[in-house]
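Descriptive analysis of the structure
These are the residues of each chain, in order.
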Amino acid sequence: MAKKTKSEIKKRIADLRKLDISKMYMNDFYLTWDKTDDEIAAVFEVAEILRGLRENNISTKVFDSGLGISVFRDNSTRTRFSFASACNLLGLEVQDLDEKKSQIAHGETVRETANMISFMADIIGIRDDMYIGKGHTYQKTVADSVQEGYDKGILEQRPTIVNLQCDIDHPTQTMADMLSVINYFGGVENLKGKKVAMTWAYSPSYGKPLSVPQGVIGLFTRFGMDVVLAHPEGYDVMPECEKVAEENAKKSGGSFKKVATMEEAFKDADIVYPKSWASFAVMEERTKLVEEKKFDELDALEKKCLENNAKFKNWACTEDMMKLTKDGKALYLHCLPADITGVSCKEGEVDASVFDRYIEPLYKQASYKPYVIAAMILLERFKDPANLLEKLLSDGKERVMSDN
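Residues numbered from 1 in each chain as written. Predicted model: local features only at pLDDT ≥ 70, side-chain atom pairs only at ≥ 80, totals over all residues. Heavy atoms only, no water.

**Considering the nonpolar core**
Counting residues in each nonpolar core, the largest one holds 128 residues, and the members touching the most others are Met178, Val181, Phe220, Met225, Ile377 and Leu389. With near-sequence residues (within four places) excluded, Val181 lies in contact with Leu191, Phe220, Met225, Ile271, Leu331 and Leu333. Counting six residues, the second-largest nonpolar core is a separate cluster that includes Val282, Leu289, Leu301 and Cys305. (Core = buried A, V, L, I, M, F, W, Y, C linked by side-chain atoms within 4.5 Å. Buried < 20%, exposed > 50% of the residue type's maximum accessible area, 1.4 Å probe, protein only. Contact = heavy atoms within 4.5 Å.)

Structure (structure tokens):
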């Protein structure tokens, strides 16, 4: 990952000017497939520019004050810290909404909460991925609420939303994945025809969201790649996400297909992404039981799912499985944390030897996420990001002052 020169940064700013991003200003970022090709490309360009500026010790604080509100309704390490890092990179303070310490437990409505946390907020990052039909809906409700608050003069500004993961998509993760792939293969122009195996993998845990595999098939198919989705019977993803993948593949000249075995997916693959998830049908049933407060039945469902998972322990990224890939050297991706056999669990998604061999690209993959989130924020909050970035570059204000 070579440090970018200032001339390279200038070229990227020039490339950014060629993209139509007018509709991103004061808009939200929910699903990658709601964005145009230019808008997706702009996120990548701005992420690379911001990284280049930081590598050259140039301050990127475009906000003098303001808040980034962090709403995590599920546990998180990478995305939580990436959001905080992104806000800090741009000059925003981060305030976490801890629902257990708020009045939400006393019946405060989403509309009320959204407005109360937004008086000096510029961005709201939301992760709500646990229940089918709920996460994306919650994010939209927050957005509608702050829009209403702004329209009625309650809020001085309308904070925009970044989807930090919902029940449908995980755009900050998959765009970080894609940016790492672009750099790994030396440019977007080298991705066409590359085979991507997005496969289910065994985990001894229950209820992992579907948003990563859905996000991967929904984004990677836009780049002319041959994307293969593999999972055991019963572990389907949302049908509408498969439809998105099919349509994207047709437009890009790539392909999308489903196969029944991990071996078929891995064969001659350039990239493998073995990851556990619950089935769409199970996640729907889980959501219904929680709504109806049938917690005994929920426990029974979990036990049933774990027993079903255990039937497919052979769905694992082993050394033998990796030998099936192109030249036995496919790029291994994972959103982390992975269930590592013999390390984090007795049997899991990936062999320790495979995981350890890919530590460097895996950590680099994760390192793109703060810049991707910062790019989304900047594109949402500034009307002319190219001019803004050019000014940062020309001003050259040191992020860390020299002590010479």
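After that view of the structure, there is still more to cover.
**A few points about the pattern of salt bridges**
For side chains of opposite charge, pairing can occur when their charged atoms come near one another. Applying the stated rule across the entire model yields 24 salt bridges. Put simply, Asp122 and Arg381 hold a salt bridge, and the shortest N to O gap is 3.3 Å. One end of the pair, Asp122, is in strand β3 (residues 121-128); the other, Arg381, is in helix α15 (residues 369-381), and 259 residues separate them in sequence. Residues Lys364 and Glu360 are paired through a salt bridge, measuring 3.0 Å at the closest nitrogen-oxygen approach. (Salt bridge = Lys/Arg side-chain N within 4 Å of Asp/Glu carboxyl O. Helix = DSSP H or I, 4+ residues; strand = E, 2+ residues; numbered from the N terminus.)

**Considering the sheet that holds strand β2 (residues 93-96)**
If you trace the four strands from one edge of the open sheet to the other, you get β2-β1-β3-β4, paired in parallel fashion. A single partner strand is all that each edge strand has here, and the edge strands are β2 and β4 (160-166). Taken pair by pair, the neighbouring strands of this sheet meet at an average axis angle of 20°, ignoring direction. Bridge analysis of β3 against β4 gives six bridges, and the strand direction is parallel. In the sheet register, Ile123 faces β4, and the bridge partner there is Thr160. Its contacts with the sheet put α15 on β3 and β4, and the angle it makes with β4 is roughly 150°. (Pairing = 2+ DSSP bridges. Axes fitted to C-alpha atoms, helices over the stretch in contact; angles between N-to-C directions.)

**Re a positive patch on the surface**
Together, Arg54, Lys61, Lys397 and Arg399 give the surface a local cluster of positive charge. By the secondary structure assignment, Lys61 is in the loop between α2 (37-55) and β1 (67-72). A relative accessible area of 49% means that Lys61 is categorised as partly exposed. (Patch = residues over 30% accessible without salt bridge, like charges linked within 9 Å, V, L, I, M, F, W, Y side chains within 5 Å. Areas by Shrake-Rupley, 256 points an atom, 1.4 Å probe, with all protein chains shown as cover. Lys, Arg positive; Asp, Glu negative; His and termini not counted. Charge placed at Lys NZ, Arg CZ, Asp CG, Glu CD.)

**What to know about the environment of Ile126**
Relative to the helices and strands, Ile126 resides in strand β3. For the pair Ile126 and Ile69, spaced 57 residues apart in the sequence, the C-alpha separation amounts to 8.4 Å. When near neighbours in sequence (up to four residues on either side) are disregarded, Ile126 contacts Val71, Tyr138, Gln139, Val142, Ile161, Val162, Asn163, Leu164 and Gln165.

**Regarding the sheet that holds strand β6 (residues 226-230)**
In spatial order, the strands read β7-β6-β5-β8-β9; together these five strands make up an open sheet with parallel pairing. With partners counted over all chains shown, the strands left at the sheet margins are β7 (255-259) and β9 (331-332), one partner each. Inspection of the sheet shows β6 paired to β7 by five bridges, in the parallel sense. Residue Leu229 lies in a different strand from β7, and its bridge partner there is Lys258. Taken strand by strand, helix α8 (residues 239-252) contacts β6 and β7, and its axis lies near 140° from that of β7.

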